[in-house]
Amino acid sequence: MLVGDKISLEVGGETHLSDVSFEMAPGGLYTILGRTLAGKTTLLKSIAGLTEFDSGALSSSGEDFTKVPVWQRNVAMVYQQFINYPHFNVSNNIAFPLRKKGLSKDEIQKRVARSIEQVGLEGFELRKIQELSGGQQQRVALARSLAKASKILLLDEPLVNLDYKLREQLREELKDLIDSEFNKDGIVVYSTTDPLEAMQFGGTLLVMDEGRIIQQGPAVDVFEHPATCRVAEITNDPSMNLWPATFTGGQFHIAEGIDLPAPADTSGVNEGACIVGFRSNDIRIEAGGLEFVVELSEIAGSETIIHLRRGETGMIARVEGVVDLKMNEVVPVKINTDWLYIFGTDETLVKSPFGSKD
């Protein structure tokens, strides 16, 4: 069991980690989701021993982990940058840290061959790093970490610098590899800025923001029941649309001319001021809806992201297919109010369309 207890770090007056606490059990997959500068890399480096924190505790199997030298922590880390040895070929890149550990030649050969097979680099053993594509270079970095057979594998946005298609391919392969090979008796920690990637990896989700873990739990539970508006923003891409509202008479009044009917179940929701939230894919461009002005329309693969505004009220829609819309075009918009989230004025969750977690 890897346990962090109120870990904090401040650098130059800036908070990098603040009272970060967690428990990670062997055989578990833990996904850290947060935007840039949320503290994800700092937390991983703290676990690896590459960064010292100011206060708090870190223990592994009951032992004070901070007193264990970096080279004895049995931790492997894969970075978002392709950190390889350019003057070595693929096999030697993977074997180098094993030689430093003093393993036998036979054991090194066995581990190198096994890790090369795991990441699909058979036939590339003698290739120099400069002869590999970006995706292949990242596979080498991953193979080197797998070959170390460490009990803790830290993956710091390892796919972020790859193109979209390759990232999709490696994401699926990496998830399968973790499930089938590593996750049986080791701890895997995967950090990402991408909510979709976080949900695809699943496991236990830790949402970070400004150096703090603001929610943690099973990935699906966090997605369906974001504890706060901030969690709702971070766990959705585009961010969840959040509108200040007044709940009265069975509807939510947003602004002049914008009223949303309440969902069937509003138990626990008091009349008065609140915040309503809805995801970008719960918006349709459809006749009979409220008129909004198109501020921006951008094609993202097989979807179209549309920025809309009516007066001071804006939102972002994500619709399937390629939709040809012009800037300042007026379009009818409907919101699926069956999937409304309701937050209090303190921005904490009051009602989820998925009902209670219990």
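Rules used in this analysis
- Residues numbered from 1 in each chain as written.
- Predicted model: local features only at pLDDT ≥ 70, side-chain atom pairs only at ≥ 80, totals over all residues.
- Heavy atoms only, no water.
- Pairing = 2+ DSSP bridges.
- Helix = DSSP H or I, 4+ residues; strand = E, 2+ residues; numbered from the N terminus.
- Axes fitted to C-alpha atoms, helices over the stretch in contact; angles between N-to-C directions.
- Contact = heavy atoms within 4.5 Å.
- Buried < 20%, exposed > 50% of the residue type's maximum accessible area, 1.4 Å probe, protein only.
- Polar contact = N/O pair within 3.5 Å; in protein donor to acceptor, adjacent residues only side chain to side chain.
- Salt bridge = Lys/Arg side-chain N within 4 Å of Asp/Glu carboxyl O.

To continue, consider the sheet that holds strand 8 (residues 187–192). Overall, mixed pairing links the 6 strands, which are arranged 6-7-8-3-9-10 in an open sheet. Both edges of this open sheet fall to strand 6 (75–78) and strand 10 (212–218), since each of them pairs with a single strand only. Neighbour-to-neighbour, the strand axes of this sheet turn through a mean angle of 15 degrees, independent of strand direction. Across 5 bridges, strand 3 (residues 29–33) lies against strand 8 in parallel orientation. Paired with L29 across the two strands is V188, which belongs to strand 8. Its contacts with the sheet place helix 1 (residues 40–48) against strand 3, strand 6, strand 7 (152–156), strand 8 and strand 9 (204–209), and it is angled at close to 155 degrees to strand 7. Sitting on the sheet, helix 4 (residues 134–147) is in contact with strand 6 and strand 7, with an inclination near 175 degrees to strand 6.

Read across the open sheet, the 6 strands follow the order 13-12-11-14-19-20; overall the sheet is antiparallel. Single-partner strands in this sheet number two, and they are strand 13 (258–261) and strand 20 (349–351). Taken over all neighbouring pairs, the strand axes of this sheet differ in orientation by 40 degrees on average, direction set aside. Here 2 bridges tie strand 19 (residues 341–343) to strand 20, and the two strands are oriented antiparallel to one another. Bridging across to strand 20, F343 finds its partner in L349.

Counting buried residues along strand 9, 5 of its 6 residues qualify, which places the element largely inside the surrounding structure. As paired strands, strand 3 and strand 9 are joined by 4 bridges and run parallel to one another. Counted as the bridge partner of T31 is L205 from strand 9. Judged from the 6 bridges that link them, strand 9 and strand 10 form a sheet pairing that is antiparallel. Within strand 10, the residue paired with M208 across the bridge is I213. Connecting strand 9 to the next strand, strand 10, in antiparallel fashion are 2 residues, including E210 with a positive phi near 50 degrees.

Residue placement: R318 occurs in strand 17 (residues 313–320). For the pair formed by R318 and H307, sequence separation is 11 residues and the distance between their alpha carbons is 9.0 Å. Filtering out sequence-adjacent residues up to four positions away, R318 remains in contact with D237, P238, S280, N281, E303, T304 and I305. In terms of polar contacts, R318 uses its side chain to reach the backbone carbonyl oxygen of D237, at 3.0 Å.

Turning our attention to the pattern of salt bridges. For side chains bearing opposite charge, pairing can occur when the charged atoms are close. Evaluation of the coordinates by the stated rule reveals 15 salt bridges. A network of salt bridges, in which partner residues are shared, links E168, R171, D194 and E197.

Spatial relationships are all this shows, so hold off on functional conclusions.
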